[in-house]
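Residues per chain, in single letters:
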Amino acid sequence: MSRGLQNRNPGNIRKSNTTYLGEVRPSRDKAFKQFRTMAWGYRAMFVLLHTYDRYGYRTLRQMITRYAPPVENRTENYIDCVSRWADVFADTPLDTLDPAVMIPVVAAMSRMENGVAAVDADVREGWRLFMKHRP
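Residues numbered from 1 in each chain as written. Predicted model: local features only at pLDDT ≥ 70, side-chain atom pairs only at ≥ 80, totals over all residues. Heavy atoms only, no water.

Visitor: Can you walk me through the pattern of salt bridges in this structure?
Guide: Opposite charge on two side chains lets them pair, provided their charged atoms get close. Tallied over the entire structure, the rule returns nine salt bridges. The salt bridge involving Arg25 is made with Glu23; its shortest N-O contact spans 3.5 Å. Exposure remark for Glu23: the relative accessible area of 13% places this residue in the buried category. Where Glu76 meets Arg61, a salt bridge forms, and the shortest distance between an N and an O atom there is 2.9 Å. With Glu76 in helix H4 (residues 75–86) and Arg61 in helix H3 (residues 60–67), this pair connects stretches of sequence that are 15 residues apart. A relative accessible area of 44% places Glu76 in the partly exposed class. When its relative accessible area of 26% is taken as the criterion, Arg61 is described as partly exposed. Taken together, the shared-partner salt bridges connect Glu23, Arg25 and Lys33 into one network. (Salt bridge = Lys/Arg side-chain N within 4 Å of Asp/Glu carboxyl O. Buried < 20%, exposed > 50% of the residue type's maximum accessible area, 1.4 Å probe, protein only. Helix = DSSP H or I, 4+ residues; strand = E, 2+ residues; numbered from the N terminus.)

Following this line, the structure appears as structure tokens:
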């Protein structure tokens, strides 16, 4: 099982000063956050991408370049895979409050991060939590 799935952190969000709802503190992982459930981990991904949008990262390319920078990732491959799997154009602005766009994007990012398809029910529950507890 991948580290992201073990941590219930499907986006492999690194430790930071930001605390997300549903986060396990302190994390037992030295580098990555842990969440109580996969749904809370997916909610954190939706929150993070929504925050990127507010800071001017509006396209999939901009968001993933910020999320998975080339210094430690094959970013262009990441962008190409997520774009194809989520059926979105890499350079078109995304509406981070549109579930028809963001649920497939986050599911595709989880697939990229963990090497297995996301469980749709977990992603959708993460979206529900995001909308209920939107920052």
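Visitor: Could you clarify how one ought to interpret H3 in this entry?
Guide: Taken residue by residue, H3 has Leu60, Met63, Ile64 and Tyr67 as its buried positions. Relative to the axis of H3, the buried residues are bounded by an arc of 90° and lie together on one face. Buried residues belonging to H3 abut helix H2 (38–54), H4 and helix H5 (99–114). (Arc of directions from axis to C-beta. Contact = heavy atoms within 4.5 Å.)

Visitor: Please clarify how the packing of aromatic side chains should be interpreted in this entry.
Guide: How two aromatic rings sit relative to each other is given by the distance of their centres and the angle of their planes. One pass over the structure, following the stated rule, counts five aromatic pairs. Its end group placed over the ring of Trp85, Arg111 keeps NZ or CZ at 3.7 Å from the ring centre. (Phe/Tyr/Trp six-rings, centres within 6.5 Å; stacked < 30°, edge-to-face > 60°. Lys NZ or Arg CZ within 6 Å of the ring centre and 35° of its normal.)

Visitor: Would you mind going over the layout of surface pockets with me for this structure?
Guide: Gaps left between atoms are located by rolling a probe of water-molecule size over the structure's atoms. Estimates place the volume of the largest pocket at around 490 Å³. Of all elements in the fold, only H2 and H3 reach the threshold of two or more residues within the lining of the largest pocket. With three residues, the top contributor of residues to the lining of the largest pocket is H2. Classifying every residue of the lining of the largest pocket gives ten nonpolar, six polar and five charged. (1 Å grid on protein atoms, 1.4 Å probe; cavity = no way out; pocket = protein on both sides within 12 Å on 5 of 7 lines; lining within 4 Å. Points joined across faces, edges and corners; volume = space filled by probe spheres on them. Nonpolar A, V, L, I, M, F, W, Y, C, P; charged D, E, K, R; others polar.)

Visitor: What should I look at first to understand helix H6 (residues 120–132) in this one?
Guide: Quick reminder: α-helices carry 3.6 residues per turn. Residues three or four places apart thus point the same way. Counted at 1.5 Å a residue, the expected span for H6 with its 13 residues is 18 Å, and the 18 Å between its end C-alpha atoms agrees. In this structure, the buried side of H6 is in contact with H2 and H5. (Expected span 1.5 Å × (residues − 1).)

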